[in-house]
Amino acid sequence: MTDIQINIKNKTYPTAAKPTIANLKLSLNSEEFICLVGPSGCGKTTLLNIIAGLDNDYDGEILVGQQHTHPKIGYVFQNPRLLPWRTVRENIELVLDGPVDVVDALLEVMQLAQSQHAYPERLSLGMSRRVSIIRAFAVDPEVLLMDEPFVSLDAPTARQVRELLVKLWQQRPHTVLFVTHDLREAIALADRLIFLSAAPMQVVSEIVVPISRSERHSELAIESFRQQLLQNHPEIKQLL
Ligand code: ADP
Ligand code: MG
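Sequence order sets the numbering: in each chain, residues are counted from 1 along the sequence as written. Each chain gets a letter, beginning with A, and each ligand a number, beginning with 1, in the order they are written. Residue-level local features of this predicted model are given only where pLDDT is at least 70; pairs of side-chain atoms are given and counted only at 80 or more, and the full residue set underlies all totals for whole chains, interfaces and linings. Working from all heavy atoms in the structure, the side-chain values ignore hydrogens and water.

(A) Representation of the overall build of the chain within the structure. Helical segments are the DSSP runs of H or I of at least four residues, strand segments are the runs of E of at least two, and each set is numbered from the N terminus. On a plain count of helices and strands, the chain comes out with seven helices and 10 strands. We compute the radius of gyration from the C-alpha atoms alone; for a globule the expected value is 2.2 Å times N to the 0.38, where N is the number of residues. In terms of overall dimensions, the chain is globule-like: its C-alpha atoms have a radius of gyration of 18 Å, near the 18 Å expected for 240 residues. Counting every position in the chain, which comprises 240 residues, the buried fraction comes to 51%. Counted over contacts in the chain with a minimum sequence separation of 6, partners at least 24 positions apart contribute 68%. If you average the places of the 23 positive and of the 28 negative side-chain charges in the chain, the two averages end up 4 Å apart. Note on classification: 1.4 Å probe, protein chains only; a residue is buried when its accessible area is under 20% of the maximum for its type, exposed when over 50%, partly exposed between these limits. Whether two residues are in contact is decided by their heavy atoms, any of which lying within 4.5 Å being enough. For the charge count, each Lys or Arg is scored as positive and each Asp or Glu as negative, with His and the chain ends excluded. Where a charge lies is defined by one atom per residue type: Lys uses NZ, Arg uses CZ, Asp uses CG and Glu uses CD.

This is how it looks when you write it as structure tokens:
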């Protein structure tokens, strides 16, 4: 796997009076789980779309290793975007052009093997989220982009899907860029937190999460790190 450098000098929407992103630099280490935390409307989705190559109207560069190119991505959107006329398995296989044996292993880890022939309308929201995570992992991306994927789940379901995501990521390490505005969620997931300012979006702080993966099952460990973080980095408070 390769490190990725993102340098966006300027992104201004044609209809906007000022830049949405200005002089934003991010380095993604291979197989690192990064959470991006920033206020609503600061440009997080815009950034993911640029990295994905869905938006090419910007000034800047993206380097994958030494190459000026876009990384191969898996994208988990806020809405799971499953095709209603395809089964769970078919929705996943649709993105693959090679062998499909990987799908069985992914369904197993995400506890969806029993539901692989069900249609999306039969799935709970938590199950649909798990399908869209599998679909993103299945392509073996260089970066997995996740845009507030657990936003409308109730707390116990969000926690379950988060734990399954981490289990999958530990079995199949990938570079992940996960957007959230929930600091507890970010601490539960990330190797490194990147805090972003309101538009024009810039990096305010980068903080490595020192809690071991096994300790993160404890709500108490997460909450105490959150308190400590807010105390030591007052600049973060206004971004939440
Ligand atoms: P976030 O994901 O952090 O909530 P977005 O990237 O969706 O923020 O939006 C950042 C800013 O860019 C917002 O002010 C939004 O209104 C604006 N914006 C987003 N998409 C477009 C667009 N297609 N055209 C014009 N302005 C847009
Ligand atoms: Mg967004």
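(B) Representation of the site of ligand 1. All residues in the neighbourhood of ligand 1 are listed as Tyr13, Thr15, Thr20, Pro39, Ser40, Gly41, Cys42, Gly43, Lys44, Thr45 and Thr46. Contact distances for ligand 1 include 3.2 Å between an oxygen atom and a backbone N or O atom of Cys42. The backbone of Gly43 places a nitrogen or oxygen atom 3.0 Å from an oxygen atom of ligand 1. Taken by itself ligand 1 offers 560 Å² of open surface, and the protein chains cover 56% of this. It suffices for a single heavy atom of a residue to lie within 4 Å of a molecule or strand for the residue to be listed as near it. Any N or O atom pair separated by 3.5 Å or less is treated as a polar contact, with the protein-specific requirement of one donor-capable and one acceptor-capable atom, and with residues adjacent in sequence counted only for side-chain atom pairs. A 1.4 Å probe and the Shrake-Rupley method give the accessible areas. Residues count as covered only by the protein chains that appear here.

(C) Expanded view of the side chain of Ser197. Here Ser197 lies in the loop between strand 9 (192-196) and strand 10 (203-208). Here Ser197 falls in the buried class, since its relative accessible area comes to 14%. Among residues more than four places away in sequence, those in contact with Ser197 are Pro39, Cys42, Gln202, Val204 and Leu239.

(D) Representation of the sheet that holds strand 3 (residues 33-37) within the structure. Think of it this way: DSSP has to see at least two bridges between two strands before they count as a pair. With respect to topology, six strands assemble into an open sheet ordered 6-7-8-3-9-10, the strand pairing being mixed. Both edges of this open sheet fall to strand 6 (73-76) and strand 10, since each of them pairs with a single strand only. On average, adjacent strands in this sheet sit at an angle of 15° to one another, irrespective of strand direction. For strand 9 and strand 10, the ladder comprises five bridges, and the chain directions are antiparallel. Pairing of Leu193 across the sheet is with Ile207, part of strand 10. Note on method: axes are straight lines fitted to C-alpha atoms, helices fitted across the in-contact stretch only, with angles between N-to-C directions ranging 0 to 180 degrees.

(E) Broad picture of the pattern of salt bridges. For salt bridges, the criterion is a side-chain nitrogen of Lys or Arg within 4 Å of an Asp or Glu carboxyl oxygen. Here the structure, examined in full by the defined rule, presents 11 salt bridges. Taking the shortest distance from any N to any O, the salt bridge between Glu219 and Arg159 comes out at 2.3 Å. In this pair, Glu219 sits in helix 7 (residues 219-232) while Arg159 sits in helix 5 (residues 155-171), placing the two residues 60 residues apart along the sequence. A relative accessible area of 27% places Arg159 in the partly exposed class. Between Glu223 and Arg226 there is a salt bridge whose closest N-O contact spans 3.1 Å.

(F) Summary view of helix 7. One less than the number of residues in a helix, times 1.5 Å, gives the span that helix is expected to have. In this model, helix 7 (14 residues) spans 20 Å end to end at C-alpha, consistent with the 20 Å of a helix rising 1.5 Å per residue. Taken residue by residue, helix 7 has Ala221, Ile222, Phe225, Arg226, Leu229 and Leu230 as its buried positions. Burial along helix 7 is one-sided: seen end-on, the buried residues are contained in an arc of 160°. For helix 7, the exposed residues lying more than 90 degrees away from the buried face are Leu220 and Gln231. Note: the arc covers the axis-to-C-beta directions of the helix.

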